[in-house]
Amino acid sequence: MQTKLSVNINKIATLRNSRGGDNPNVIKAAIDCQTFGADGITVHPRPDERHIRYSDVREIAPIITTEFNIEGNPLEDKFVALVLEVKPHQVTLVPDSRDQLTSNHGWDTIKEKNYLRGIIEVFKKAGIRVSIFTDPVEAIVAGAADTGTDRVELYTEEYARQYHKDKEHAIAAYANAARVAAEHKLGLNAGHDLDRDNLAYFRKHVPGLLEVSIGHALIADALYYGLENTIQLYRRQLQ
Ligand code: PXP
């Protein structure tokens, strides 16, 4: 099974925004990522639009020939409206606060079960697959099964942080979370701080991994190796 690589293009928008013009063009970047072998495109519109903009998301949707994944916090009404308008293949719900630098925790699927159930139903009724961002904690992943979500996305920052110190220790919670997800018939995605060094080991030891979404490290590598080579390099780690 090949794990799908969804390229998060927020960083390309961040570079564009730093000069206020249209270089690099994010629509072209999305088209090129797909041509170069990405299995999907991920965007994470934040409420202040400091990375990808809501208008970008609308413009990218029609050029997607692979899989479109939109991440964000459904507590923002305008995020929910955008997703329902654009109808991506997948929405990934992330409990990030408005001014957070980047996502830094998953849902508490036990405390927030009723809220999640309600909002997940809204997206599923619209025919959109739902994934929710979770820490690799057994009870949290088991709790996700009660929310009606199709998938969980395991938050991998801690794995990435520990990988170079002790990779067997770093992977243990994730392999266990994958087992719990499979028991509950939940699909499995992963993301955050995955990179060229830590990706293959993660893929090898986390059974049933359907998809990873990668932005920061992949776009940084592209500065040295070029976007096409880099996407191919990452895809090879996922075979
Ligand atoms: N998954 C989620 C929910 C995220 O918020 C992010 C960062 O926007 C990623 C995956 C990708 O993380 P990275 O940019 O470190 O690859």
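Residues numbered from 1 in each chain as written. Predicted model: local features only at pLDDT ≥ 70, side-chain atom pairs only at ≥ 80, totals over all residues. Heavy atoms only, no water.

**Thoughts on the site of the ligand**
Part 1: In the vicinity of the ligand, 16 residues are found, and the nearest of them are S103, E153, D193, G215 and H216.
Part 2: Between E71 and the ligand, the recorded distance is 3.2 Å, taken from a side-chain N or O atom to a nitrogen atom.
Part 3: G215 is positioned with one of its backbone polar atoms (N or O) 2.8 Å from an oxygen atom of the ligand.
Part 4: The protein chains hide 94% of the 390 Å² of surface that the ligand would expose on its own.
Part 5: Class assignment for the residues of the shell around the ligand results in three nonpolar, nine polar and four charged. (Near = heavy atom within 4 Å. Polar contact = N/O pair within 3.5 Å; in protein donor to acceptor, adjacent residues only side chain to side chain. Areas by Shrake-Rupley, 256 points an atom, 1.4 Å probe, with all protein chains shown as cover. Nonpolar A, V, L, I, M, F, W, Y, C, P; charged D, E, K, R; others polar.)

**Topic: the side chain of T134**
Part 1: Along the polypeptide, T134 turns up in strand β5 (residues 129-134).
Part 2: Among all residues touching T134, those that are not within four sequence positions of it are G106, W107, T109, I140, V141, V152, E153, L154 and Y155. (Helix = DSSP H or I, 4+ residues; strand = E, 2+ residues; numbered from the N terminus. Contact = heavy atoms within 4.5 Å.)

**Some remarks on the sheet that holds strand β3 (residues 68-72)**
Part 1: Spatially, β1-β2-β3-β4-β5-β6-β7-β8 is the arrangement adopted by the eight strands of the closed barrel, whose pairing is parallel. Taking each pair of neighbouring strands and ignoring which way they run, the sheet shows an average axis angle of 25°.
Part 2: As judged from the five bridges shared by strand β6 (residues 151-155) and strand β7 (residues 187-191), these two strands associate in the parallel manner. Across the sheet, L154 pairs through a bridge with A190, a residue of β7.
Part 3: Strands β4 (90-93) and β5 of the sheet are contacted by helix α5 (residues 113-125), whose axis makes an angle of about 145° with β5. (Pairing = 2+ DSSP bridges. Axes fitted to C-alpha atoms, helices over the stretch in contact; angles between N-to-C directions.)

**Brief notes about unusual backbone geometry**
Part 1: For the bond from N23 to P24, the omega torsion is 0°, close enough to zero to count as cis.
Part 2: Locating P24 in the fold gives a position in the loop between α1 (10-17) and α2 (26-35).
Part 3: Of note in this structure, E49 is not a glycine but carries a positive phi near 55°.
Part 4: With relative accessibility at 28%, the residue E49 sits in the partly exposed group.
Part 5: Non-glycine residue D193 carries a positive phi angle of around 65°.
Part 6: Inspection of the secondary structure assignment puts D193 in the loop between β7 and α9 (199-205). (Buried < 20%, exposed > 50% of the residue type's maximum accessible area, 1.4 Å probe, protein only.)

**Quick word on the pattern of salt bridges**
Part 1: Counted under the stated rule, the structure contains 17 salt bridges.
Part 2: Between E85 and R58 there is a salt bridge whose closest N-O contact spans 2.8 Å. One end of the pair, E85, is in helix α4 (residues 77-86); the other, R58, is in helix α3 (residues 54-60), with 27 residues separating them in the sequence.
Part 3: Between R179 and E183 there is a salt bridge; the shortest N-O distance is 2.7 Å. With R179 and E183 both in helix α8 (residues 167-183) and four residues apart, the pair spans about one turn of that helix.
Part 4: Take R179: its relative accessible area is 37%, and that puts it in the partly exposed class.
Part 5: Several salt bridges share partner residues, and in doing so they unite K4, E67, R129, R151 and E211 into one network. (Salt bridge = Lys/Arg side-chain N within 4 Å of Asp/Glu carboxyl O.)

**Things to note about α8**
Part 1: Counted at 1.5 Å a residue, the expected span for α8 with its 17 residues is 24 Å, and the 24 Å between its end C-alpha atoms agrees.
Part 2: Along α8, the largest kink reaches about 25° and is centred on A173.
Part 3: Restricting attention to buried positions, one finds in α8 the residues A170, I171, Y174, A177, A178, V180 and A181.
Part 4: Contacts made by the buried residues of α8 are with α6 (138-144), β6, α7 (157-163), β7 and α9. (Expected span 1.5 Å × (residues − 1). Bend = angle between axes of the 7 residues up to and from the residue.)

**Topic: the packing of aromatic side chains**
Part 1: Within the structure shown, the criterion is met by seven aromatic pairs.
Part 2: Aromatic pair W107 and Y115: ring centres 6.1 Å apart, planes at 35°, arrangement tilted.
Part 3: When its relative accessible area of 2% is taken as the criterion, W107 is described as buried.
Part 4: Given a relative accessible area of 30%, Y115 falls into the partly exposed group.
Part 5: Pairwise contacts between aromatic rings join Y159, Y163, Y174, Y201 and F202 into one cluster. (Phe/Tyr/Trp six-rings, centres within 6.5 Å; stacked < 30°, edge-to-face > 60°.)

**Some remarks on α4**
Residues spaced three or four apart along an α-helix point in a common direction, a consequence of the helix completing one turn every 3.6 residues.
Part 1: Among all positions in α4, only F79, V80, L82, V83 and V86 are buried. Taken end-on, α4 shows its buried residues confined to a sector of 160°, consistent with a single buried face.
Part 2: For α4, the elements touching its buried residues are α3, β3, β4 and α5.
Part 3: Within two residues after α4, K87 carries a phi angle of roughly 50°, on the positive side. (Arc of directions from axis to C-beta.)

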